[in-house]
Amino acid sequence: MEAAGRDGRMAGQRQVMKNMNTGGSPEECPVCLTGYDGTVQRPRTLPCGHTVCTLCIDQLEEHGRVACPECRVSHAVPEGEQFPVNYSVEAFIRMLRDAEEAAAAAAASPPPSAGEGAPSGAAGKKEAAGLSKKMRSFLQEQEATVVAAITACREAQSQLDQYQTTLAGWGKQQQLEDRLLGLVDQSRSARELLQQEESRVAAKEEELKKEEQGLQAMLETLRTLATEQEAGAAVSEVFRWTGEAEQAVEECREGFPDASTVTTARKVREASSAALEAVQAVQAALETLAAEEPRPQADPDSTIMDRLHLICTWSVTAEDLRSLTQPARRLLEAGRVFAVHQAEGQRRHARISLEAGQLCLHALKDHPPPLGAATLQVSEVVPPSPPCTVFLDLSWPGSAPRRVQIRLSPDTPRGRQLLLLCTGQRGPSYINTRLHGVERKAEAGEFVKGGNYESNDGEGSSVLLPGLDEGEYRKSGRAGDVFGLGWTDPTRSECGNFGIRTRDRKDGGGSLVFGEVVDGLHVVAEAAQHRAIKEVTVADCGVVL
């Protein structure tokens, strides 16, 4: 089974190399269209699978994240501030350049009659003439196998290097030991485990280097074979070297990271840091330090760093968020806290942020959270119905998104619908919807109209819940009121759109009020004065926790 799995992976790698040029030149970055090099413009792979050069990734980075220029998926920048190098692309480019150099050398070589001693390129062609077409084709396949094995070795070395860097970062315990005498024994034990793990990594990395050297030698041999007998002997060596390389890489995947070492080291470091702030937190950490966590289940094809992130997945509770414990605050500031909502077999995630001292849950999206993110259920933090405060981030050309906070009244279906559409718990949300009208512009009672998530033009009914007008609505005509809209045509069905009043009514009238703007009314007023109200869009929405 293992051999079959390795054969499948190697075949997959060969197929990837054959298909690399289907989306453009594999030698050029798809963004700047500049050829990759081995220094400042190395090819780097994003988690979505697309490859971009180092300089372009640096230019695309914004707030610790990079949006893929091919598929637009947003990725968090790794801890080392660099995405992994795509060694497959580099190896492929080297093969192309070697072939071009060989062709150029052959073209520049004088004919045999021009002098004694034919050039090596010509000699190679003459010697290769002794091989059958079938054997040459087979040798080319073996060459691709060796290149793929070399690439796998280099990728594993890169992952081990990143892992070793992470281990070294976690192993800096000495300063904490000097100040936390109660954790000296635990810290030293953790440090010893880390040193042992680093030794294992170094030994395995040295083994992989030797395998790569052997594969490189085998590759040179394959390129200089002249007879069928030499080819037959070389093929058996190819099987041996590639088999050993595959086994070494597989041992890396299975043996690293060590869950026990990583878990212990991480807990000791977190416990020690917490102890500097509160002795009680240290004691609580010590009580859980010895608890052995089960090894998490990872995808067999996942990388070493993928497994490390899986082992280091953090947990956080609603109470941690409400009390803003130090670990929870650090996770929030790093953008690694998400709420999960599953409905009708679909699993979606909502980011939780800390903005100006407020916890905010943003609308649910289909994108999965980053590896190692802390998660909890949406139902743990979002109330099932108002009263609560939601937000809409409004944006229009020439204006960055600005927030409007609305306090929803209890016991109103329209308030419950607004909450559901701000979180996206029923599927649709207000994100990317437009304000579709201004009534009584620049006059008393002015208000803007929005909420049409169906047709986005004010003509859709936008009814998510039945009986929207059946509830305890108050009457008011004050600026800041959020109220339900109805159709002027009584024959049309119920309307789920809303209005936000920006100026007081003279008569003080008004109905179906189910909320009020508690912050950002000036943003709505500015939007009402924008020359084209339908250019005002909801860039983001959610609920204040």
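What counts as what
Residues numbered from 1 in each chain as written. Predicted model: local features only at pLDDT ≥ 70, side-chain atom pairs only at ≥ 80, totals over all residues. Heavy atoms only, no water. Helix = DSSP H or I, 4+ residues; strand = E, 2+ residues; numbered from the N terminus. Contact = heavy atoms within 4.5 Å. Areas by Shrake-Rupley, 256 points an atom, 1.4 Å probe, with all protein chains shown as cover. Salt bridge = Lys/Arg side-chain N within 4 Å of Asp/Glu carboxyl O. Buried < 20%, exposed > 50% of the residue type's maximum accessible area, 1.4 Å probe, protein only. 1 Å grid on protein atoms, 1.4 Å probe; cavity = no way out; pocket = protein on both sides within 12 Å on 5 of 7 lines; lining within 4 Å. Points joined across faces, edges and corners; volume = space filled by probe spheres on them. Nonpolar A, V, L, I, M, F, W, Y, C, P; charged D, E, K, R; others polar. Pairing = 2+ DSSP bridges. Axes fitted to C-alpha atoms, helices over the stretch in contact; angles between N-to-C directions. Phe/Tyr/Trp six-rings, centres within 6.5 Å; stacked < 30°, edge-to-face > 60°. Parallel < 35°, antiparallel > 145°, perpendicular 65-115°, else oblique. Left-handed = near helix turned anticlockwise from the far one by under 90°. Arc of directions from axis to C-beta.

### Quick look at the overall build of the protein chain
- The helix and strand tally for the protein chain stands at 16 helices and 16 strands.
- Considering only intrachain contacts with a sequence separation of at least 6, the fraction spanning at least 24 residues in the protein chain is 68%.
- Counting every atom, the protein chain has about 28100 Å² of accessible surface; 49% of that belongs to carbon and sulfur.

### Some points on the pattern of salt bridges
- A complete count under the given rule lists 21 salt bridges for this structure.
- A salt bridge links Glu197 to Arg200; the nearest nitrogen and oxygen atoms lie 3.0 Å apart. Residue Glu197 and its partner Arg200 are both found in helix H7 (residues 184–223); the two are separated by three residues, about one turn of the helix.
- The exposure class assigned to Glu197 is buried, which follows from its relative accessible area of 2%.

### Here's the deal with empty space enclosed by the protein
- Per the counting criterion, the structure on display carries three cavities of 30 Å³ or more.
- Its boundaries defined by the atoms lining it, the second largest cavity holds a volume of some 70 Å³.
- If you trace the second largest cavity, you find it lined by Leu392, Leu394, Tyr430, Thr433, Arg434, Leu435, Gly450, Gly451, Phe498, Ile500 and Val538.
- Mapped by element, the contributors of at least two residues to the lining of the second largest cavity are strand S9 (388–396) and strand S14 (498–501).
- Of the residues that constitute the lining of the second largest cavity, the class distribution is seven nonpolar, three polar and one charged.

### As for the sheet that holds strand S7 (residues 358–362)
- Strand order in the open sheet formed by twelve strands is S8-S5-S6-S7-S16-S9-S10-S15-S13-S14-S12-S11, with mixed pairing between adjacent strands. In the strand order of this sheet, the two ends are held by strand S8 (374–377) and strand S11 (437–439), each with one partner. Taking the axes of each pair of neighbouring strands and ignoring which way they run, one obtains an average angle of 30° across the sheet.
- As paired elements, strand S6 (residues 346–355) and S7 share four bridges and run antiparallel to each other. Bridge pairing in S7 links Glu355 to Gln358.

### With respect to the packing of aromatic side chains
- Scanning the entire structure with this criterion turns up two aromatic pairs.
- Here Tyr430 and Phe498 contribute two aromatic rings whose centre-to-centre distance is 5.6 Å and whose plane-to-plane angle is 80°, an arrangement assigned as edge-to-face. Of this pair, Tyr430 sits in the loop between helix H15 (413–423) and S11 while Phe498 sits in strand S14, placing them 68 residues apart in sequence.
- According to the relative accessible area criterion, Tyr430 is buried, its value standing at 1%.
- Overall, the relative accessible area of 6% leaves Phe498 in the buried class.
- Centre to centre, the rings of Phe447 and Phe483 are 5.2 Å apart; their planes meet at 75°, and the pair counts as edge-to-face. Taken together, the residues span a long stretch of sequence, with Phe447 in strand S12 (residues 447–450) and Phe483 in strand S13 (residues 481–484) at a distance of 36 residues. Assigned by exposure class, Phe447 and Phe483 land together as buried.

### Examining the packing of H7 against helix H8 (residues 228–255)
- At a minimum axis separation of 10 Å, H7 and H8 run at an interaxial angle of 155°. The pairing of H7 with H8 is recorded here as roughly antiparallel in orientation. Note on packing geometry: the crossing formed by H7 with H8 is left-handed. Residues Arg200, Lys204, Glu207, Leu208, Lys210, Glu211, Gly214, Leu215, Met218 and Leu222 of H7 touch H8, and the partners they reach there are Ala234, Glu237, Val238, Trp241, Thr242, Glu244, Ala245, Ala248, Val249, Glu251, Cys252 and Gly255.

### Overview of the pairing of strand S16 (residues 537–544)
- Where burial is concerned, most of S16 is hidden: six out of the eight residues are buried.
- Where S9 meets S16, seven bridges bridge the pair, whose relative direction is antiparallel. Bridge pairing in S16 links Phe391 to Gly542.

### A short note on the environment of Arg416
- For Arg416, the location among the structural elements is in helix H15.
- Classification of Arg416 by relative accessible area gives partly exposed; the value is 32%.
- For the pair Arg416 and Cys388, spaced 28 residues apart in the sequence, the C-alpha separation amounts to 9.9 Å.
- When sequence neighbours within four positions are dropped, the list of residues in contact with Arg416 reads Ser385, Pro386, Asp411 and Leu465.

### Concerning helix H16 (residues 521–529)
- Val523, Val524, Ala527 and Ala528 are the residues of H16 that are buried. Projected down its long axis, H16 carries its buried residues within an arc of 140°, all on one side.

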